[in-house]
Amino acid sequence: MDDDRRLVHIFSSNVSIAFENIYLDKEIAETQAEIIYTLGEVMENRSKETASHVKRVAQYTHLIAKNFGLDEEESFILKSASPLHDIGKIGIEDSILLKPTKLTTDEFEIMKTHAMIGYDILKKSTRSILRAAAIVAHEHHEKYDGNGYPAGNKGDDIHIYGRIVAIADVFDALTHKRVYKEAWSFEESIEYLIDQKGKHF
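Residues numbered from 1 in each chain as written. Predicted model: local features only at pLDDT ≥ 70, side-chain atom pairs only at ≥ 80, totals over all residues. Heavy atoms only, no water.

A.B. asks: Pulling in residues and values, what's your account of the packing of helix α8 (residues 160-175) against helix α9 (residues 186-195)?
C.D. replies: Between α8 and α9, whose axes approach to 9 Å, the crossing angle comes to 145 degrees. Our pair here, α8 against α9, has a crossing hand that is right-handed. In contact with Ile167, Val170, Phe171, Leu174 and Thr175 of α8, α9 contributes Phe186, Ser189, Ile190, Tyr192 and Leu193. Residues belonging to the contact of α8 with α9 are distributed by class as follows: eight nonpolar, two polar and no charged. (Axes fitted to C-alpha atoms, helices over the stretch in contact; angles between N-to-C directions. Helix = DSSP H or I, 4+ residues; strand = E, 2+ residues; numbered from the N terminus. Left-handed = near helix turned anticlockwise from the far one by under 90°. Contact = heavy atoms within 4.5 Å. Nonpolar A, V, L, I, M, F, W, Y, C, P; charged D, E, K, R; others polar.)

Right, dumping it as structure tokens:
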């Protein structure tokens, strides 16, 4: 009987420790996500975009990921990573980043380097959310037809994370006012996404 009690006690203790570890893992993931949102908002504020952009992109990303068939855990990771899609803009000088008119060809070439800068910032992490963020930062400007940047990847050579965030990012940019354009209607934006199937997306 004492052995049975001892076994029950050991089992109960192990279950309790397992639940504590699950809680701590969840707490760490949520803390990472909160820090990432904050960094994303700081970056958007610097580039004069609304901080709500990164929150909306995260929500769209989550919906697209789940509808595409990613499981809940992977969808959460991608949602949490997506606010850092433009973190590389931290390395772009204000005269280009904040320019209210169209960029020159040379300026646009400099602007395009933000994808590689973001990847270089994040690529060394061993954390799943930051590893996903590195992929997103690097690949969300690639285009399905190979005319994107920084690598000119094409089709399924573009990681699914980059392809999903590209849709979310473009949709949000279209449906909200920017310094260089008025907001498009929902219908116009959807029509554009459909038109870009096989080209951009």
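Structure shown, so let's carry the discussion forward.
A.B. asks: Quick one: what's the story with the side chain of His62, residue by residue and with numbers?
C.D. replies: Mapping His62 onto the fold places it in helix α2 (residues 52-68). Residues in contact with His62, not counting those within four places in the same chain, are Glu72, Ser75, Phe76 and Lys79.

A.B. asks: Outline α2, listing residues and values.
C.D. replies: Because the α-helix completes a turn every 3.6 residues, residues three or four places apart line up on one side. Here α2 contains 17 residues, and its C-alpha end-to-end distance of 24 Å stays within 8% of the 24 Å for a straight helix at 1.5 Å per residue. All buried positions along α2 are accounted for by His53, Val54, Arg56, Val57, Ala58, Thr61, His62 and Ala65. At the C-terminal side of α2, Gly69 shows a positive phi close to 120 degrees. (Expected span 1.5 Å × (residues − 1). Buried < 20%, exposed > 50% of the residue type's maximum accessible area, 1.4 Å probe, protein only.)

A.B. asks: Residue-level account of the nonpolar core, with values.
C.D. replies: Counting residues in each nonpolar core, the largest one holds 21 residues, and the members touching the most others are Leu70, Leu78, Leu84, Leu122, Tyr161 and Ile164. Going through the elements one at a time, α2, α3 (72-81), α7 (128-139) and α8 are the ones with two or more residues in this core. Among residues more than four places away in sequence, those in contact with Tyr161 are Leu70, Glu74, Leu78, Ala132, Ile135 and Val136. Counting residues in hydrophobic clusters, the runner-up holds six residues, among them Val170, Phe171, Leu174 and Leu193. (Core = buried A, V, L, I, M, F, W, Y, C linked by side-chain atoms within 4.5 Å.)

A.B. asks: Got a sec to walk through the packing of aromatic side chains? Specific residues and values, please.
C.D. replies: Following the criterion strictly, the structure yields four aromatic pairs and no others. Judged by centre distance (6.0 Å) and plane angle (90 degrees), the ring pair of Phe108 and Tyr149 falls under edge-to-face. Within this pair, whereas Phe108 is found in helix α5 (residues 105-112), its partner Tyr149 is found in the loop between α7 and α8, the two being separated by 41 residues in sequence. Given the relative accessible area of 12%, Tyr149 is considered buried. (Phe/Tyr/Trp six-rings, centres within 6.5 Å; stacked < 30°, edge-to-face > 60°.)

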